[in-house]
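# Descriptive analysis of the structure
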Amino acid sequence: MNAFTASDHTFYPFATTNEQDFKNLMGVYLDATLHPLLKQSDFTQEGWRIGPENPKVALAGESAKPEDSKLVFKGVVYNEMKGQMSDAGYLYYIRFQDHIFPAINNSGGDPQKMTDLTYEQLKKFHAEHYHPSNAKVFTYGDMPLADHLVEVNAQLSAFEKIEGDFEIRRPVDLSGGPQNVTVAGPIDPLVPLDMQYKTSTSWLMGDTTNILENFSVGLLSNLLMDGYGSPLYRNLIEAGLGTEWSPNSGFDGSGRVGIFSIGLTGVKEADVPKVKETIHKTFQEAYENGFDQSKIEGYLHQLELGLKHKTAKFGMSLMQRIKPGWFEGVDPFEALAWNDTINAFQAELAKGGYLEGLLKKYLLNDDTLTFTMTPSATYADELVSEEATRLATKIEEVTKKLGGEAEARAQLEKRELELLEEQGKSNTQDLSCLPTVYVKDIPRQKDGATLRDSKVDKVNVQWREAPTNGLTYFRAVNTFENLPDELRELIPLFTDSIMRLGTPDMSMEQLEDLMKLKTGGVSAGYYSTPSPFDFKSSTEGMSFSGTALDRNVPDMFNILRMLVLETDFDSIETQSRIRQLLQGSADGAVNSIASSGHVFARTAAEANITDYGRLREQVGGLSQVKLVTSLASRPESEGLADVVEKLKAIQKFALSSSSTFRTAITCGSESVSENEAYLQKFLSTLPSSTPSSPKVPAPNLSRNSKTFFPLPYQVYYGALALPTVSYTSSAGAPLQILSQLLTHKHLHHEIREKGGAYGGGAYSKGINGIFGFYSYRDPNPQNTMSIMRNAGQWAVEKQWTPRDLEEAKLSVFQSVDAPESVSSEGMTRFLSGVTDEMLQTRREQLLDVTTEQVREVAQKYVVDALEKGEGKMVFLGEKKPWVDANWEVKELGMATAPAEPEILDEEDVKDAALGS
């Protein structure tokens, strides 16, 4: 089950391809949301409480260590939001929302306010808001609607109508002229100290129930700020006023009144006022110069492609599209009348001056809110101090109520014991009342997509012929031998650079316009995959992809060739633009790690186990963060000439029609012969050989079993990884089932419910040959490490029931049999070499896994492997005394950091099929 919490509503989505499963889920979801137990213990576990730092202290009594028995604020959501608030980008956005939209609350919860919430307030809020009078129900699919309505009616008719909360909340009134708000925020340790300001200016737009105007303003926003050639990018970021857009930048049409914001991060103090001045100047210039018709057509072409592209999540995206406006009084059917909106837009456009008129109406004024976050060296200490004061006040309240400190501690520890007892019961509840589907209903045979192989000019081509609504999808992989580390680690920068620098004949703005007019996008990325036959060996190279309407395939190929082979690395502006790319990536690195720290921890742990793990870590892990931050903070006087030379070296071998190059095309059968001719012509324009590199000796993987990365977070992220078996091994299936059993029957319970982390579990990466554990936004890392290390033994000793095994298999097949988009069909085979036959064998092995097999793999690949010292543990967070000499401490260095680079490999295509 999952919930998505928006600023003024929560929705509970589910999707399935099984009719019985749909009925079961609908019943459970309606019952859970409308009739939850909402016990006091649910509030103390998920919300907040005060208790000993280590939950086991309550059991240890007198023998507990003082540091473990320290009283602290606890609660799953409390810790989640402490982690969320460690993300300076999120903090900026949410503080901006506090000021522009005071009528709505921080939907995630502000930890500083959360401890004022009482259990009674929670119960009252649920009774008033989680009621059919206040609800909206959405279904999508080809199952009979009448059946859904019978079930919904049965559940809703038990309620009496009440006054729902239909108040339309609006942002602050800005009609009185400019308003300025300045708040303090944390210093980013990976960004130069003189580039720590964040600032934005916002305008209120029109009523979003006007669907045509709302659509038009969204397009106006894109014309002003999307792409390197856009006027706002050129005048703000390229001009050096900041490094990246602020988190609130763009048009937000989700409320009843639209809000348009433009801002920057990585701003110097002296440049803060210049940002707003430059935005005003840019709007005035755009109004006077007007908008190029071809740019408008490019955006409309992107919308057309978006509607033609068949995704596996169409129903969910439909709901996402109508949902915000539906709560603001927009007719959902009007929001879906896409062609009517486009036709009305084009009619207005034809009259002339339409977009310029909207610009004048809403943006050529100073009815604005300028919101600035200044860096404070004491911000983190003040947070800690504020929490300590708040905690002391709450403990004092309990002490007064109970008559003394000893009585207060006894009461708080007693409640912790009661909660532990309650949590213990939840893991052994009788689940037979819950409806279920059965493993016996899962088809044993699953037919893969029909694929065909051919050769075009000695290059292997995989064809997938399927209905695609007139679109062609192209993928290619060029593999490299003996790639040196110094070039590999720069491939993410190379793929960013070719989308930024332009060619000798075309500026990046012209190339971007061409891409929008002729393609659904083209991209290049680093590629790697382990061998399905030997997880210790791997292949690497670069991947390329593109999408276009059938008639535009020659343009797509030409654009891709120009970007990769003709990008101009010798231009006078090359170094300054690459520096801007590096600074943009570096800005907010700490935030990107905060939002997915467990992924970085897992990547770092796996890098010490396999060659593939080492490669992935170099291009997408913490060492990539360190590289980019160090390059971004280089003094300008040093220049980046050495980096540019390496990028030019990559350009020489990135794309070639040699034996190392292979392609895959997905298209309608009517387009195959034309696409074959287009491909042949494209291949004939590529260099035919790749320069040979001297053999590079494989580096020794780190012998350290424990690594710690100090980072300025209030919570921790961790992973423990172990080597297992190759994809073709029969042990892979029970390992995959073991990961589900451990996650749902043990780790979620121990790490989240008892330990207070926002997330934790086990994972098995089938093709990577890795089994591991992770925790996310974790306040109690020492406790978690102990749980991870003992989980294998727990699994060996556990008396697994047939129901446990049944649930684990259903959980695995939920992802194995998830629908996939046409463009993804055949990609598992193309990118990783895992054939339909291998997938079918794994399918049968998964269906046939026994409890004995689960115990065997838990013993061999977890318990025994840990005893042999094969486990690699990595944690990220604040360095405390428990990080002793047994840990290798790796500093990231004071510089700057990247969003994850685009890496196309098997993990991005079909994790589930491969048991990831």
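Here the residue numbering is sequential within each chain, running from 1 through the sequence in written order. Local features in this predicted model are restricted to residues of pLDDT 70 or higher, and side-chain atom pairs are both shown and tallied only at a pLDDT of 80 or more, whereas totals for entire chains, interfaces and linings draw on every residue. Side-chain descriptors were evaluated using all non-hydrogen atoms of the structure, hydrogens and water having been removed beforehand.

By the naming in an unreviewed UniProt entry, the protein chain goes by Presequence protease, mitochondrial and is assigned to Glarea lozoyensis. UniProt positions are given in the numbering used here, feature names are shortened, and annotations may be inferred rather than shown by experiment. Under the heading Cofactor (unreviewed entry), UniProt records this for the protein chain: "Zn(2+)".

## Side note on the domain arrangement of the protein chain
Much of the literature gives interface size as the accessible area that the parts lose upon coming together. Note that the domain bounds were set by an automatic or database domain assignment. Taken domain by domain, the protein chain holds domain 1 (4-167), domain 2 (179-375), domain 3 (451-685) and domain 4 (706-889). On a C-alpha basis, the centroid separation for the pair domain 1 and domain 3 is 41 Å.

## As for unusual backbone geometry
The phi dihedral of Asp-457 falls on the positive side, at around 50 degrees, and the residue is not glycine. What counts as a helix is a DSSP run of H or I of at least four residues, what counts as a strand is a run of E of at least two, and both are numbered from the N terminus. Mapped onto the elements, Asp-457 comes out in the loop between β11 (452-456) and β12 (459-465). Despite not being glycine, Lys-458 shows a phi value in the positive range, around 70 degrees. Burial status follows relative accessibility: with a 1.4 Å probe on protein chains alone, a residue under 20% of its type maximum counts as buried, one over 50% as exposed, and anything between as partly exposed. When its relative accessible area of 74% is taken as the criterion, Lys-458 is described as exposed.

## Overview of helix α26 (residues 597-606)
With 9 of its 10 residues buried, α26 lies for the most part within the structure. Looking at α26, one finds that the buried residues are Gly-597, His-598, Phe-600, Ala-601, Arg-602, Thr-603, Ala-604, Ala-605 and Glu-606.

## Details of the sheet that holds β12
Only strands that DSSP links by at least two bridges are regarded as paired with each other. Strand order in the open sheet formed by 6 strands is β11-β12-β16-β13-β15-β14, and the pairing between neighbours is mixed. The open sheet terminates on both sides in strands that have one partner only, identified here as β11 and β14 (522-530). Direction aside, neighbouring strands of the sheet carry axes that sit 25 degrees apart on average. Together, β13 (471-480) and β15 (538-549) form the strand contacts of helix α13 (residues 293-308), whose direction differs from that of β15 by roughly 110 degrees. Across the sheet, helix α27 (residues 611-620) is in contact with β14 and β15; its angle to β14 comes to roughly 150 degrees. Helix axes use the C-alpha atoms of the stretch in contact, all axes being lines fitted to C-alpha atoms, and the angles between their N-to-C directions lie in the range 0 to 180 degrees. Contacts are residue-level and defined by heavy atoms, with any inter-residue pair within 4.5 Å sufficient.

## What to know about the UniProt feature "coiled-coil region" (unreviewed entry) in the protein chain
The sites that UniProt annotates as "coiled-coil region" (unreviewed entry) are residues 395-423. With 93% helix and 0% strand, the stretch residues 395-423 has end C-alpha atoms that lie 24 Å from each other.

## Considerations on the packing of helix α10 (residues 211-225) against α13
Direction vectors running N to C along α10 and α13 enclose 115 degrees, while the axes themselves pass 11 Å from each other. Remark: the crossing between α10 and α13 carries right-handed chirality. Along its contact with α10, which presents Phe-215, Leu-219, Asn-222 and Leu-223, the element α13 presents Lys-295, Ile-296, Tyr-299, Leu-300 and Leu-303. Only Asp, Glu, Lys and Arg are considered charged in this grouping, and only Ala, Val, Leu, Ile, Met, Phe, Trp, Tyr, Cys and Pro are considered nonpolar; every other residue, Gly among them, is considered polar. Class assignment for the residues of the contact of α10 with α13 results in 7 nonpolar, 1 polar and 1 charged. Here a crossing is called left-handed whenever its near helix is offset anticlockwise from the far helix by less than a right angle, and right-handed whenever the offset is clockwise.

## Side note on the packing of helix α22 (residues 508-518) against helix α23 (residues 553-566)
Where α22 contacts α23, the two axes come as close as 10 Å, and the packing angle between them is 155 degrees. Regarding the angle of α22 to α23, the classification is roughly antiparallel. Every pair of crossing elements has a handedness; the one defined by α22 and α23 is left-handed. Across from Met-508, Leu-511, Leu-514, Met-515 and Lys-518 in α22, the residues of α23 making contact are Asp-555, Ile-559, Met-562 and Leu-563. Looking at the contact of α22 with α23 residue by residue, the class counts come to 7 nonpolar, no polar and 2 charged. Put simply, angles under 35 degrees are roughly parallel, angles over 145 are roughly antiparallel, angles from 65 to 115 are roughly perpendicular, and the rest are oblique.

## Quick look at helix α33 (residues 802-816)
Along its 15 residues, α33 runs 21 Å from first to last C-alpha, staying within 8% of the 21 Å computed at 1.5 Å per residue. Where α33 is concerned, the buried positions are Asp-804, Leu-805, Ala-808, Lys-809, Leu-810, Ser-811, Val-812, Phe-813 and Val-816. Helix span is expected to be 1.5 Å times the residue number reduced by one.

## Some remarks on the side chain of Ser-41
For Ser-41, the location among the structural elements is in helix α2 (residues 40-47). Judged by relative accessible area, Ser-41 falls into the buried class, the value being 16%.

## Some points on the pattern of salt bridges
Two side chains carrying opposite charge are able to pair once their charged atoms lie near each other. The working definition used for a salt bridge is a side-chain nitrogen of Lys or Arg within 4 Å of a carboxyl oxygen of Asp or Glu. In the structure shown here, the tally under the stated rule is 49 salt bridges. Here Asp-226 ties to Lys-516 by a salt bridge, and the two come within 3.8 Å at their closest N and O atoms. With Asp-226 in the loop between α10 and α11 (231-238) and Lys-516 in helix α22, this pair connects stretches of sequence that are 290 residues apart. Judged by relative accessible area, which is 35%, Asp-226 ranks as partly exposed. Take Lys-516: its relative accessible area is 15%, and that puts it in the buried class. Close ionic contact of Asp-441 with Lys-440 constitutes a salt bridge, the shortest N to O distance being 3.8 Å. A relative accessible area of 69% means that Lys-440 is categorised as exposed. Overlapping salt bridges bring together Asp-485, Arg-488, Glu-540, Asp-611 and Arg-614 as one network.

## Considering the side chain of Asp-587
Its location among the elements puts Asp-587 in the loop between α24 (574-586) and α25 (589-595). Nearest to the buried, unbridged Asp-587 among oppositely charged side chains is Lys-198, at 5.9 Å. A distance of 2.3 Å separates the side chain of Asp-587 from the side chain of Thr-265, its partner in a polar contact. Here the positive residues are Lys and Arg and the negative ones are Asp and Glu; neither His nor the chain ends is included. For the purposes of these results, a polar contact is taken to be a pair of N or O atoms within 3.5 Å, where, inside protein, one atom must be able to donate a hydrogen and its partner to accept one; residues adjacent in sequence count only when each atom of the pair is a side-chain atom.

## Remarks on the packing of aromatic side chains
Aromatic rings considered in pairs are described by the distance between their centres and by the relative angle of their planes. Between the rings of Phe, Tyr and Trp (Trp by its six-membered ring), a pair exists once the centres lie within 6.5 Å; its type follows the angle of the planes, with under 30 degrees stacked, over 60 edge-to-face, and the other angles tilted. Here the structure, examined in full by the defined rule, presents 32 aromatic pairs. Ring plane angle 50 degrees and centroid distance 5.5 Å describe the contact between Phe-14 and Phe-22, whose orientation is recorded as tilted. A relative accessible area of 11% places Phe-22 in the buried class. With 5.1 Å between their ring centres and 80 degrees between their planes, Tyr-228 and Tyr-233 make a pair best called edge-to-face. Using a relative accessible area of 8% as the deciding quantity, one classes Tyr-233 as buried. In this structure an aromatic cluster arises from ring pairing among Phe-215, Trp-338, Phe-345 and Tyr-354. Placement of a charge over a ring requires the Lys NZ or Arg CZ to be within 6 Å of the ring centre, with the centre-to-atom vector within 35 degrees of the ring normal. Lying over the aromatic face of Tyr-774, Arg-602 brings its terminal NZ or CZ to 5.2 Å of the ring centre. Above the plane of the ring of Trp-800 lies Lys-798, whose end atom (NZ or CZ) is 5.8 Å from the centre.

## Here we look at the pairing of strand β17 (residues 706-710)
Counting buried positions over the 5 residues of β17 gives 5, a clear majority of the element. Burial of β17 is two-sided: the residues Lys-706, Phe-708 and Pro-710 facing one way and the residues Thr-707 and Phe-709 facing the other way are all buried. Note that β17 and strand β21 (residues 872-877) share 5 bridges and pair parallel. Each residue of the ladder has a partner; that of Thr-707, found in β21, is Val-874. When β17 meets strand β22 (residues 888-889), the two strands line up parallel, connected through 2 bridges. Residue pairing for β22: Thr-707 is matched across the bridge by Glu-888.

## Examining the UniProt feature "domain: Peptidase M16C associated" (unreviewed entry) in the protein chain
Mapped onto this numbering, the UniProt entry gives "domain: Peptidase M16C associated" (unreviewed entry) at residues 373-631. When the span residues 373-631 is considered, its composition is 51% helix and 18% strand, and the gap between its end C-alpha atoms is 26 Å.

## As for the sheet that holds β21
Spatially, β19-β20-β18-β21-β17-β22 is the arrangement adopted by the 6 strands of the open sheet, whose pairing is mixed. Looking along the sheet, the strands with just one partner apiece sit at the ends: β19 (759-765) and β22. Bridge count between β19 and strand β20 (residues 770-778): 7 bridges; the pairing is antiparallel. Residue Ala-762 lies in a different strand from β20, and its bridge partner there is Phe-773. Against the sheet, helix α36 (residues 851-867) makes contact with β18 (716-723) and β20, and its axis sits at roughly 95 degrees relative to β18, the strand it touches most.

## Observations concerning the environment of Lys-681
Note that Lys-681 resides in helix α30 (residues 672-684). The sequence separation of Lys-681 and Met-542 amounts to 139 residues, and the corresponding C-alpha distance is 21 Å.

## Re the environment of Leu-711
Its place among the elements puts Leu-711 in the loop between β17 and β18. Of the residues examined, Leu-711 reaches a relative accessible area of 7% and is grouped as buried. Distance in space between the C-alpha atoms of Leu-711 and Ile-593 is 9.3 Å, their sequence separation being 118 residues. Look past the residues within four positions of Leu-711 in its chain and what remains in contact with it is Ile-593, Leu-876, Gly-877, Glu-878 and Leu-892.

## Remarks on the pairing of β12
Most of β12 is tucked away: 5 of the 7 residues are buried. Where β11 and β12 come together, 5 bridges link them in antiparallel fashion. Within β12, the residue paired with Lys-455 across the bridge is Asn-460. Connecting β11 to the next strand, β12, in antiparallel fashion are 2 residues, including Asp-457 with a positive phi near 50 degrees. Of the strand pairs in this sheet, β12 and strand β16 (residues 661-667) are connected by 6 bridges, and their pairing is parallel. Residue pairing for β16: Glu-465 is matched across the bridge by Cys-667.

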